[in-house]
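Residue strings, one per chain:
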Amino acid sequence: MEATLWQRLDEIITRTVRPMAERCDEESLFCGESVRALADAGFMGLPYPPEQGGRGSSYESYVRCVERLSKACPSVGVTYATHVGLACHPLHAFGSPMQKESFLRPMLRGDKLGAFALTEPEAGSDVGAIATTAELDGGFYVINGHKIFITNAGRADIYILFARTGGQGTEGLSAFVVCSDDAGLLISAPQRKMGIRGAQTCELFLRNLCIPADRLIGRPGDGFRIAMETLDGGRLGIAAQAVGIADAAFDEACVRLKERRQFGRTWSISKGCAGRPRTCGRRWKPPASSPCMRPACATGGKGSARKLRRPSSWHRKRPSGALRKPCRYAAAAAIYKDLLRNACTAMPRSPRSMRERAKSSAWSSRPASSGDGNGTGQRTVSCRKGDGYGDPF
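All values derive from a computational prediction rather than experimental measurement.

### Some thoughts on the overall build of the protein
Turning to step 1, where the next piece is worked out: Scanning the protein from N- to C-terminus turns up nine helices and 10 strands.
Turning to step 2, where the next piece is worked out: Here the protein, with 393 residues, has 48% of them falling under the buried criterion.
Turning to step 3, where the next piece is worked out: Considering only residue pairs separated by 6 or more positions, the protein has 71% of its internal contacts joining residues 24 or more positions apart.
Turning to step 4, where the next piece is worked out: Total accessible area computed for the protein in this model is approximately 19,100 Å², and 52% of it derives from carbon and sulfur atoms.

Structural data, given as structure tokens:
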């Protein structure tokens, strides 16, 4: 099934995603045609169980899919990752049977597109600072607030929205399902961006938005736990996008080296560059037996987290010559790719709070006396001269 899956994905990329990539970015054109092709092929519910309308594949398959899409068109990659990794997971892990049937199933089929509405002008990384409020009035919640930088906004049919139902801090947050046609939901024009312009990003204005009480995901006060677990998988999607973009950049660098001529010969055979593209290219594919290549959900995504291993490609000879900068990017991407595979294996997918996870020895910071050397107790990676990664990129 996996072979057929990748063949179908390659066909979609060749026929739809890659031909539209340049136009989508230059004209800020939403990549709707590519998203529809992915939905028709069953990719919108890739890592979710078939009984809920998904395809039943592994989480690593989803991460690989994001990577391949991002290599061809980053806009498609981020749109797809937002829907599958951020919008669908809260309903899958915490939603009620009614919510799964009414909202999740159409999303996994690709009939409806999802978005994740968490960020506010004064609440990004500090989720506890969310100011959007949701007040219970009879059998309805009345929501007022403002959300920014919401990917897929204006195109999405379903929004996973976070608002405050209780006191201050993270304890009073709750998650809700909001539909695009709900009265009181106002969406701004697409925001102008420096890149990835084919993925639509807008602001949300909530003006006395009234939704039924059964749209609450989980229980009141579960919002922080839902957001943090969802973002665990979302970070893997972002990492996969970065690896795909770096992979495409490296391919472009190799093509340029074969075409660029100086002093009567191409750069690929000039002194200091010969053999470098092959050397860098090998860093991209760890052996199949490597721990970082294990399936993401080999145990159903449950169990204790394992510490991430430092990849074997960490210490390598520093490149020199005209290929130094492309080699840096390729080597960095290789490191991120190794870490990404390890994270897929180690990531806990069971609904556990961040407080419970912090108690786990596998996720807690090591004491400063253990050799970190930064005096903060947090693990850092040192970049020494001569190890290949001493210079900033």
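### Thoughts on the environment of N152
Turning to step 1, where the next piece is worked out: Considering the arrangement of structural elements, one finds N152 in the loop between strand 3 (140-151) and strand 4 (158-164).
Turning to step 2, where the next piece is worked out: Expressed as a C-alpha distance, the spacing of N152 and F116, which sit 36 residues apart in the sequence, is 8.4 Å.
Turning to step 3, where the next piece is worked out: With residues near it in sequence (within four places) discarded, N152 still touches T79, T82, H83, L113, G114, A115, Y159 and Q200.

### A short note on the pattern of salt bridges
Turning to step 1, where the next piece is worked out: Applying the stated criterion to the full structure yields 15 salt bridges.
Turning to step 2, where the next piece is worked out: Notably, a salt bridge pairs R8 with E11, separated by 3.3 Å at the nearest N-O pair. Of the two residues, R8 and E11 are both situated in helix 1 (residues 2-27); the distance of three residues between them amounts to about one turn of the helix.
Turning to step 3, where the next piece is worked out: Of the charged contacts, one joins R109 and D111 as a salt bridge, the two residues approaching to 2.8 Å between their closest N and O atoms.
Turning to step 4, where the next piece is worked out: For R109, a relative accessible area of 42% translates into the label partly exposed.
Turning to step 5, where the next piece is worked out: Connected via shared salt-bridge partners are K71, D247 and D251.

### Notes on helix 1
Turning to step 1, where the next piece is worked out: Taking 1.5 Å as the rise per residue, helix 1 with 26 residues should run 38 Å; its terminal C-alpha atoms sit 35 Å apart, in good agreement.
Turning to step 2, where the next piece is worked out: Along helix 1, the helix axis deviates most sharply at I13, where the bend reaches about 45°.
Turning to step 3, where the next piece is worked out: Those residues of helix 1 not exposed but buried are L5, W6, L9, I12, I13, T16, V17, M20, A21 and C24.
Turning to step 4, where the next piece is worked out: Residues of helix 1 that are buried in the fold lie against helix 2 (32-40), helix 3 (59-72) and helix 4 (74-94).
Turning to step 5, where the next piece is worked out: Following helix 1 by one or two positions, S28 has its phi on the positive side, about 50°.

### Overview of the nonpolar core
Turning to step 1, where the next piece is worked out: Grouped together as the largest cluster of nonpolar side chains are 61 residues, with contacts concentrated most on L38, F43, Y62, L69, Y80 and F162.
Turning to step 2, where the next piece is worked out: Look past the residues within four positions of Y80 in its chain and what remains in contact with it is L38, F43, M44, L46, Y62, C65, V66 and L69.
Turning to step 3, where the next piece is worked out: Residues I143, V178, L206 and I211 belong to the second largest nonpolar core, which totals 20 residues.

About the cut-offs
Residues numbered from 1 in each chain as written. Predicted model: local features only at pLDDT ≥ 70, side-chain atom pairs only at ≥ 80, totals over all residues. Heavy atoms only, no water. Helix = DSSP H or I, 4+ residues; strand = E, 2+ residues; numbered from the N terminus. Buried < 20%, exposed > 50% of the residue type's maximum accessible area, 1.4 Å probe, protein only. Contact = heavy atoms within 4.5 Å. Areas by Shrake-Rupley, 256 points an atom, 1.4 Å probe, with all protein chains shown as cover. Salt bridge = Lys/Arg side-chain N within 4 Å of Asp/Glu carboxyl O. Expected span 1.5 Å × (residues − 1). Bend = angle between axes of the 7 residues up to and from the residue. Core = buried A, V, L, I, M, F, W, Y, C linked by side-chain atoms within 4.5 Å.

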